[in-house]
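The chain contents come next:
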Amino acid sequence: MFSLVVQMEVRPGLREQFLAGMAANAEASVRDEPGCLRFDVCSVQGDENRFVLYELYTDADAFTAHKASQHFTRWRQVAEQVLVPGGQVNTPGELLHTHTSEESA
(Lines give C-alpha, C1' and ligand atoms only; values in the text may rest on other atoms or scores of the structure.)
Protein backbone atom coordinates (compact mmCIF):
# COMPACT_ATOMS: atom_id res chain seq x y z
CA MET A 1 0.00 0.00 0.00
CA PHE A 2 1.12 3.53 -0.79
CA SER A 3 1.34 5.88 2.18
CA LEU A 4 1.86 9.61 2.32
CA VAL A 5 2.72 11.82 5.28
CA VAL A 6 2.30 15.53 4.60
CA GLN A 7 3.45 18.34 6.87
CA MET A 8 1.76 21.70 6.29
CA GLU A 9 2.15 25.19 7.67
CA VAL A 10 -0.83 27.53 7.39
CA ARG A 11 -0.61 31.30 7.26
CA PRO A 12 -1.65 32.96 10.54
CA GLY A 13 -5.35 33.78 10.65
CA LEU A 14 -6.30 31.25 7.93
CA ARG A 15 -6.63 28.11 10.09
CA GLU A 16 -10.40 27.81 9.75
CA GLN A 17 -10.26 28.31 5.98
CA PHE A 18 -7.58 25.60 5.80
CA LEU A 19 -9.62 23.19 7.95
CA ALA A 20 -12.77 23.68 5.87
CA GLY A 21 -10.95 23.08 2.59
CA MET A 22 -8.96 20.14 3.90
CA ALA A 23 -11.98 18.49 5.52
CA ALA A 24 -13.86 18.66 2.20
CA ASN A 25 -10.88 17.16 0.37
CA ALA A 26 -10.35 14.37 2.91
CA GLU A 27 -14.03 13.45 3.06
CA ALA A 28 -14.42 13.34 -0.73
CA SER A 29 -11.20 11.34 -1.08
CA VAL A 30 -12.38 8.53 1.19
CA ARG A 31 -15.97 8.67 -0.08
CA ASP A 32 -15.34 8.94 -3.84
CA GLU A 33 -12.00 7.25 -4.46
CA PRO A 34 -12.03 3.45 -4.17
CA GLY A 35 -8.22 3.50 -3.87
CA CYS A 36 -8.15 5.94 -0.92
CA LEU A 37 -8.28 3.87 2.24
CA ARG A 38 -7.50 6.50 4.88
CA PHE A 39 -7.11 10.26 5.13
CA ASP A 40 -6.29 11.66 8.57
CA VAL A 41 -5.81 15.35 9.35
CA CYS A 42 -3.91 16.01 12.59
CA SER A 43 -2.94 19.20 14.38
CA VAL A 44 0.53 19.72 15.81
CA GLN A 45 0.50 20.30 19.55
CA GLY A 46 1.64 23.77 20.50
CA ASP A 47 1.34 25.28 17.01
CA GLU A 48 -2.15 26.01 15.74
CA ASN A 49 -0.82 26.68 12.23
CA ARG A 50 0.91 23.33 11.65
CA PHE A 51 -0.73 20.12 10.53
CA VAL A 52 0.20 16.58 9.58
CA LEU A 53 -1.79 14.44 7.15
CA TYR A 54 -1.63 10.68 6.90
CA GLU A 55 -3.03 9.23 3.69
CA LEU A 56 -3.18 5.59 2.67
CA TYR A 57 -3.91 4.34 -0.86
CA THR A 58 -4.09 0.88 -2.38
CA ASP A 59 -1.10 1.75 -4.59
CA ALA A 60 0.72 4.65 -6.26
CA ASP A 61 -1.77 4.64 -9.15
CA ALA A 62 -4.59 5.33 -6.69
CA PHE A 63 -2.65 8.33 -5.39
CA THR A 64 -2.14 9.54 -8.96
CA ALA A 65 -5.92 9.27 -9.46
CA HIS A 66 -6.42 11.26 -6.25
CA LYS A 67 -4.31 14.11 -7.62
CA ALA A 68 -6.43 14.12 -10.81
CA SER A 69 -9.76 14.40 -8.92
CA GLN A 70 -11.96 17.49 -8.93
CA HIS A 71 -11.94 17.76 -5.15
CA PHE A 72 -8.12 17.75 -5.14
CA THR A 73 -8.14 20.56 -7.73
CA ARG A 74 -10.51 22.54 -5.49
CA TRP A 75 -8.23 21.85 -2.49
CA ARG A 76 -5.16 23.09 -4.38
CA GLN A 77 -6.97 26.39 -5.05
CA VAL A 78 -7.56 26.76 -1.30
CA ALA A 79 -3.98 25.66 -0.55
CA GLU A 80 -2.56 28.45 -2.70
CA GLN A 81 -4.33 30.96 -0.46
CA VAL A 82 -3.80 29.41 2.98
CA LEU A 83 -0.43 27.64 2.99
CA VAL A 84 2.84 29.37 3.74
CA PRO A 85 4.94 29.29 0.55
CA GLY A 86 7.25 26.30 0.84
CA GLY A 87 5.29 25.20 3.92
CA GLN A 88 4.35 21.75 2.61
CA VAL A 89 6.55 18.68 2.81
CA ASN A 90 5.35 15.39 1.28
CA THR A 91 6.91 12.11 2.38
CA PRO A 92 5.73 9.13 0.31
CA GLY A 93 6.24 5.58 1.53
CA GLU A 94 4.87 2.08 1.76
CA LEU A 95 2.79 0.69 4.62
CA LEU A 96 4.69 -2.23 6.11
CA HIS A 97 2.72 -3.01 9.30
CA THR A 98 -0.40 -1.66 10.92
CA HIS A 99 -1.83 -2.19 14.38
CA THR A 100 -5.19 -0.90 15.55
CA SER A 101 -7.29 -1.43 18.65
CA GLU A 102 -9.90 -3.11 16.44
CA GLU A 103 -7.45 -5.93 15.68
CA SER A 104 -7.29 -6.95 19.33
CA ALA A 105 -11.06 -7.19 19.71
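For the structure given in this document, a descriptive report is provided here.

Regarding the sheet that holds strand 3 (residues 47-57)
Taken together, the four strands give an open sheet; going across it, the order is 2-3-1-4, and neighbouring strands pair in antiparallel fashion. Looking at strand neighbours, the two that pair on one side only are strand 2 (36-44) and strand 4 (83-94), the edges of this open sheet. Adjacent strand axes in the sheet meet at a mean angle of 15° when their direction is disregarded. By the bridge criterion, eight bridges tie strand 2 to strand 3 in an arrangement that is antiparallel. Along strand 3, the bridge assignment pairs valine 44 with aspartate 47. Here helix 1 (residues 15-32) sits on the sheet and contacts strand 1 (2-10), strand 2, strand 3 and strand 4; the angle it forms with strand 2, its principal contact strand, is near 165°.

So, helix 2 (residues 60-67)
Each α-helix turn comprises 3.6 residues. Residues three or four places apart therefore point the same way. Those residues of helix 2 that sit buried are Ala62, Phe63 and His66. Considered in projection along helix 2, the buried side chains sweep an arc of 100° and stay on one side of the axis. On its buried face, helix 2 sits against strand 1, helix 1, strand 2, strand 3 and helix 3 (70-82). Measuring from the backbone nitrogen of aspartate 61 back to the side-chain oxygen at the start of helix 2 gives 3.2 Å, which picks out aspartate 59 as the cap.

A few points about the packing of aromatic side chains
For the structure shown, the criterion picks out five aromatic pairs. Residues phenylalanine 2 and tyrosine 57 carry aromatic rings whose centres are separated by 6.4 Å and whose planes lie at 55° to one another, so their mutual orientation is tilted. One end of the pair, phenylalanine 2, is in strand 1; the other, tyrosine 57, is in strand 3, and 55 residues separate them in sequence. Accessibility assignment for this pair places phenylalanine 2 and tyrosine 57 in one class, buried. Put simply, the rings of Phe2, Tyr57 and Phe63 touch in pairs and so form one group of aromatic residues.

Definitions and cut-offs
- Residues numbered from 1 in each chain as written.
- Predicted model: local features only at pLDDT ≥ 70, side-chain atom pairs only at ≥ 80, totals over all residues.
- Heavy atoms only, no water.
- Pairing = 2+ DSSP bridges.
- Helix = DSSP H or I, 4+ residues; strand = E, 2+ residues; numbered from the N terminus.
- Axes fitted to C-alpha atoms, helices over the stretch in contact; angles between N-to-C directions.
- Contact = heavy atoms within 4.5 Å.
- Buried < 20%, exposed > 50% of the residue type's maximum accessible area, 1.4 Å probe, protein only.
- Arc of directions from axis to C-beta.
- Polar contact = N/O pair within 3.5 Å; in protein donor to acceptor, adjacent residues only side chain to side chain.
- Phe/Tyr/Trp six-rings, centres within 6.5 Å; stacked < 30°, edge-to-face > 60°.

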